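Residues per chain are reported as follows:
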Amino acid sequence: MQHNNQLNVQALQAAKDGDKQLLDQLIQRGANDFNGIAAQAACAGHIQIVEQMLALGAKDFNGIAYGAASGGHKDIVEQMIQRGANSFYIAYGAASGGHKDIVVEMIQRGADNFYWIAVDAARGGHLDIVNEMIQRGADNFDRIANGAAKGGHKDIVNEMIQRGANNFEWIA
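In this text, all values refer to a predicted model and were calculated from it rather than measured experimentally. Each chain has its residues counted from 1, running along the sequence as written. Given that this is a predicted model, residues contribute local features only at a pLDDT of at least 70 and side-chain atom pairs are listed and counted only at 80 or more, while totals for whole chains, interfaces and linings are drawn from all residues. Side-chain metrics rest on all non-hydrogen atoms present in the structure, leaving aside hydrogens and water.

S.K.: Quick question: what am I supposed to make of the pattern of salt bridges here?
M.R.: Pairs can form between side chains of opposite charge once their charged atoms are near each other. Put simply, a salt bridge is a Lys or Arg side-chain nitrogen that is within 4 Å of an Asp or Glu carboxyl oxygen. In the structure shown here, the tally under the stated rule is 8 salt bridges. Salt-bridge contacts for Lys74 lead to Asp101; the nearest nitrogen and oxygen are separated by 2.7 Å. Taken together, the residues span a long stretch of sequence, with Lys74 in helix H6 (residues 74–82) and Asp101 in helix H8 (residues 100–108) at a distance of 27 residues. Three labels apply to residues, based on accessible area from a 1.4 Å probe with only protein chains included: buried if under 20% of the type maximum, exposed if over 50%, partly exposed otherwise in between. For Lys74, a relative accessible area of 41% corresponds to the partly exposed category. A relative accessible area of 42% means that Asp101 is categorised as partly exposed. A salt bridge links Lys100 to Glu132; the shortest N-O distance between them is 3.7 Å. Taken together, the residues Lys100 in helix H8 and Glu132 in helix H10 (residues 127–135) connect sequence positions 32 residues apart. A residue is classified by how much of its surface remains accessible, and Lys100, at 30% relative accessible area, is partly exposed. For Glu132, a relative accessible area of 17% translates into the label buried. Residues joined by salt bridges that share partners form a network here, namely Glu78, Glu105 and Arg109. Each helix is a run of H or I in the DSSP string that is no shorter than four residues. Each strand is a run of E no shorter than two, and both are numbered from the N terminus.

So, in structure tokens, the structure goes:
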């Protein structure tokens, strides 16, 4: 089991780096986290690796779409939507990566979870998306500030304090 875990960790890095040759070797040796590998590759925009993992059995279309959206790779996002990925997960990924255009598109496709989109955007340091979600009704400034604090974004924390955030239990 330990050997397989090490192979999977190495395979995740190879997918992120787009090193298909190394990835193929690791799979031959037993790496088998095809969903994780596909999501890492999607985040980095390596569509050939994503397609390879799908052929090998990756089925976490939401996870792959989240990765693609966080990296801003609309082509992969669209492929995962065609396979059944949910617009909510895609909006979260896009928000965390700062891809407002994808967030807005997913809202048009039904993602109406503005609060969680705002939290993920805050964690990623994307105040423009946070403000867009607040305009759309996200109003739990304490939780949004929490997301920003977890991501180390003091400017967004301060903005949420100005808007009324006052529950600081999460700082401890």
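S.K.: Before we go on, may I ask you to explain the packing of aromatic side chains in this structure?
M.R.: The relation between two aromatic rings is expressed through the spacing of the ring centres and the mutual angle of the planes. Paired rings are identified among Phe, Tyr and Trp, the last through its six-membered ring, by centres lying within 6.5 Å, and are further divided according to the angle between planes into stacked (under 30 degrees), edge-to-face (over 60) and tilted (the rest). A complete count under the given rule lists 2 aromatic pairs for this structure. The interplanar angle of 85° and the centroid separation of 6.2 Å between the aromatic rings of Tyr89 and Tyr92 together place this pair among those described as edge-to-face. Placement of both Tyr89 and Tyr92 in helix H7 (residues 87–97) is noted, with a separation of 3 residues, approximately one turn of the helix. Its relative accessible area of 40% is what places Tyr89 among the partly exposed residues. Owing to a relative accessible area of 18%, Tyr92 belongs among the buried residues under this scheme.

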